[in-house]
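Secondary and tertiary structure notes
Below, each chain spelled out in residue letters.
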Amino acid sequence: MTAVVTRFAPSPTGHLHIGGARTAIFCWLLARHSGGRFYLRIEDTDLLRSRQEYTDSILASMRWLGLDWDGEPVYQTQRTDLYNRYVDRLLQSGHAYWCSCTPEEVEAMREEARQKGLKPRYDGRCRERGLGPAEGRCVRLRLPASGKVLFDDMVKGKIAVDVAELDDMVVRRADGMPTYNMAVVVDDHEMGVTHVLRGDDHISNTPRQILLYEALGLPVPRFGHVPMILGPDRQKLSKRHGARAVIEYRQDGLLPQALVNYLVRLGWSHGNQELFSQEELVRYFDGTSLNPAAAAFDPAKLQWCNAHFMRETPLPLLAEMVAPFVEEAGLGTPAPQRLEALCRMFRERADNLRDMAESFRPLLVPAAELDYRQKDADKHFTGAGKAHLRALAGIFGACAPFAAENIEAALNAYVADNGLKFKEVAPPVRTALMGYMGGSHLNEIMAFLGREETLARLERPQGGV
Ligand code: GLU
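Residues numbered from 1 in each chain as written. Predicted model: local features only at pLDDT ≥ 70, side-chain atom pairs only at ≥ 80, totals over all residues. Heavy atoms only, no water.

**Some points on helix 17 (residues 404-417)**
How we decide: Numbering of helices and strands runs from the N terminus, with a helix taken as a DSSP run of H or I at least four residues long and a strand as a DSSP run of E at least two residues long. Each helix should span, by expectation, one fewer than its residue count multiplied by 1.5 Å. For each residue, the accessible area found with a 1.4 Å probe, counting protein chains only, is set against the maximum for its type, and the residue is called buried under 20%, exposed over 50%, and partly exposed in between. Directions drawn from the helix axis to the C-beta atoms are what define this arc.
With 14 residues, helix 17 extends 20 Å between its outermost C-alpha atoms, agreeing within 8% with the 20 Å of an ideal straight helix rising 1.5 Å per residue. For helix 17, the set of buried residues is Ala404, Ile407, Ala410, Leu411, Tyr414 and Val415. The arc enclosing the buried residues of helix 17, seen along the axis, measures out at 135 degrees, which places them on a common side. With respect to the buried face of helix 17, the exposed residues turned more than 90 degrees away are Glu405, Ala416 and Asp417. Directly after helix 17, the chain includes Gly419, whose backbone phi takes a positive value near 60 degrees.

**Some words on the site of the ligand**
To be explicit about the condition: Here a residue is considered near a molecule or strand provided that any single heavy atom belonging to it is located within 4 Å of it. Polar contacts, as counted here, are pairs of nitrogen or oxygen atoms within 3.5 Å of one another; within protein the pair requires one atom able to donate a hydrogen and one able to accept it, and residues that are adjacent in sequence qualify only if both atoms are side-chain atoms. Working definition of accessibility: Shrake-Rupley area with a 1.4 Å probe, residue cover restricted to the visible protein chains.
Close to the ligand lie Arg7, Ala9, Pro10, Ser11, Glu43, Tyr180, Arg198 and His202, which account for all nearby residues. Note that an oxygen atom of the ligand is positioned 2.7 Å from one of the side-chain N or O atoms of Arg7. His202 places a polar side-chain atom, nitrogen or oxygen, 2.8 Å from an oxygen atom of the ligand. Alone, the ligand offers 300 Å² of accessible surface; in the complex the protein occludes 80% of this.

**Regarding the sheet that holds strand 4 (residues 96-99)**
Test applied: At least two DSSP bridges between two strands are required for those strands to pair. Helix axes are fitted only over the stretch in contact, all axes being lines through C-alpha atoms; the angle between N-to-C directions runs from 0 to 180 degrees.
In spatial order, the strands read 4-5-8; together these three strands make up an open sheet with antiparallel pairing. What marks the edges here is a single partner per strand, and that holds for strand 4 and strand 8 (170-172). On average, adjacent strands in this sheet sit at an angle of 45 degrees to one another, irrespective of strand direction.

**Description of the packing of helix 12 (residues 336-346) against helix 19 (residues 442-459)**
Definition in use: Oblique is the label for any angle not covered by the other classes, which are roughly parallel (under 35 degrees), roughly antiparallel (over 145) and roughly perpendicular (65 to 115). Here a crossing is called left-handed whenever its near helix is offset anticlockwise from the far helix by less than a right angle, and right-handed whenever the offset is clockwise. Pairs of residues are marked as contacts when any of their non-hydrogen atoms sit within 4.5 Å. Residues are grouped as follows: nonpolar covers Ala, Val, Leu, Ile, Met, Phe, Trp, Tyr, Cys and Pro; charged covers Asp, Glu, Lys and Arg; every other residue, Gly included, is treated as polar.
Taken N-terminus to C-terminus, the directions of helix 12 and helix 19 make an angle of 165 degrees; their axes are 11 Å apart at the nearest point. Classified by the angle their axes make, helix 12 and helix 19 are roughly antiparallel. The two elements helix 12 and helix 19 meet at a crossing, and its hand is left-handed. For the pair formed by helix 12 and helix 19, the contact residues are Arg338, Ala341, Leu342 and Met345 on the first element and Glu444, Ile445 and Phe448 on the second. Looking at side-chain class alone, the contact of helix 12 with helix 19 contains five nonpolar, no polar and two charged residues.

**A few points about helix 3 (residues 80-92)**
For helix 3, built from 13 residues, the straight-helix expectation of 18 Å at 1.5 Å per residue is met to within 8% by its first-to-last C-alpha distance of 18 Å. Among all positions in helix 3, only Thr80, Leu82, Tyr83, Asn84, Tyr86, Val87 and Leu90 are buried. Of the surrounding secondary structure, the elements contacted by the buried residues of helix 3 are strand 4, strand 5 (138-141), strand 8, helix 5 (180-190) and helix 6 (205-216). Taken from the residues just after helix 3, Gly94 is the one with a positive phi, measuring 80 degrees.

**Brief notes about the packing of helix 3 against helix 5**
Close contact between helix 3 and helix 5 brings their axes to 10 Å; oriented N to C, the two are set at 100 degrees. When the interaxial angle is binned, helix 3 and helix 5 end up roughly perpendicular. For the pair formed by helix 3 and helix 5, the contact residues are Leu82, Tyr83, Tyr86, Val87 and Leu90 on the first element and Met182, Ala183, Val186, Asp187, His189 and Glu190 on the second. Considering only residue class, the contact of helix 3 with helix 5 consists of eight nonpolar, one polar and two charged.

**Some words on the pattern of salt bridges**
Put simply, the test is: Only one rule defines a salt bridge in this text: a Lys or Arg side-chain nitrogen within 4 Å of an Asp or Glu carboxyl oxygen.
What the rule picks out here adds up to 30 salt bridges. For Asp188, the salt bridge goes to Arg7, with nearest N and O atoms at 2.8 Å. Residue Asp188 is found in helix 5, and its partner Arg7 is found in strand 1 (residues 5-8); the two are separated by 181 residues along the sequence. Residues Asp188 and Arg7 agree in their burial class; the two are buried. Here Asp376 makes a salt bridge to Arg373, at a shortest N to O gap of 3.5 Å. Judged by relative accessible area, which is 5%, Asp376 ranks as buried. A network of salt bridges, in which partner residues are shared, links Arg7, Arg41, Glu43, Arg79, Asp187 and Asp188.

This is the structure:
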């Protein structure tokens, strides 16, 4: 595959949502697959709704998802002069003309067409008037008299639109600002974009943009329009069903790899494979096998995907990712090796980073602050249970070095030597160490806590709960 140049072109009027994120991932994959380029363009021409904080947030979400871009982001507001140079080119070649019709006049034309049951459109009355620039005049593209705009969409296949469906669109407004379609065509050309992959809410812009390329004598890129993501009820995706910003998923403790994998599969397939490493995605994603039908968001599958990556992520990386959640839970900033040990013990049991950080709590608070689950304490801190704890405190006090294997051997010896069963001894020990009947292997827990903390926990129930 020859090198592809793609771009992601968000409007900074809100945070990056999962639909936009999926488009960005597709563009990124297509570029990386072919060893091409992936650019970012900030479409900030809506001055009323665009905000720098949204641009910052979108860029932060992209970084978190691992979508690196080439070069510096391009900002449309800084390129007005460039767009107008292309408008001048259209005027010079006769592909565009000045129009003095007021918005009211254009609305009246549209209304008239509607009343006749026709498509509302500008009727081209300034086309042959040979007007020049003047206050209040816009510039319109002169469409061909007839014909069809044809393109082979990467997702939807062959599409044909009759020119008669379209009208002489404005390329430069009366206030001197280029229109959206004009800016996009100039940018995509100037940035060398070969493949435009975007949401299918833009599909009606595509024939207009193709006509602009043709009028400017520029090569037309390949287009692909990705269907929107629906809710589990196959209606428009609502906030309740996952129409959320990428940063919200991040705050919930989702792993970026899980969100990327899940979103890619929502609209693309490679056989029946569900789980992909990033390398596999880059290797397999060539812009084919994109599903033209809208896919429904499935929170349970995203959760499943996350559980997989919680298990698969290398421990040092997982520890790094959980650290901010541990801090946020008020559990301080444990050393990386301690976090890795905790991740090893708890990653199989937690659905996300936030829950996993919370599951570390019993092992990160001092013995005196450990919360007991009343039901477990009542059941296991009986006379016999406390006697086991007392005896084991003595045994572990002498256990050297205080490491997982020795602890296990000592515990097993205590059980065997006293003719006990493991299930008589383990529950009080577990409750004393964790505060409840859960957690990881007892010897690993004790090795993590160290001798002093372990003994403090075995002794605390003696004083009554
Ligand atoms: N700025 C547009 C959007 O956020 C993207 C248009 C495009 O990709 O051409 O929907």
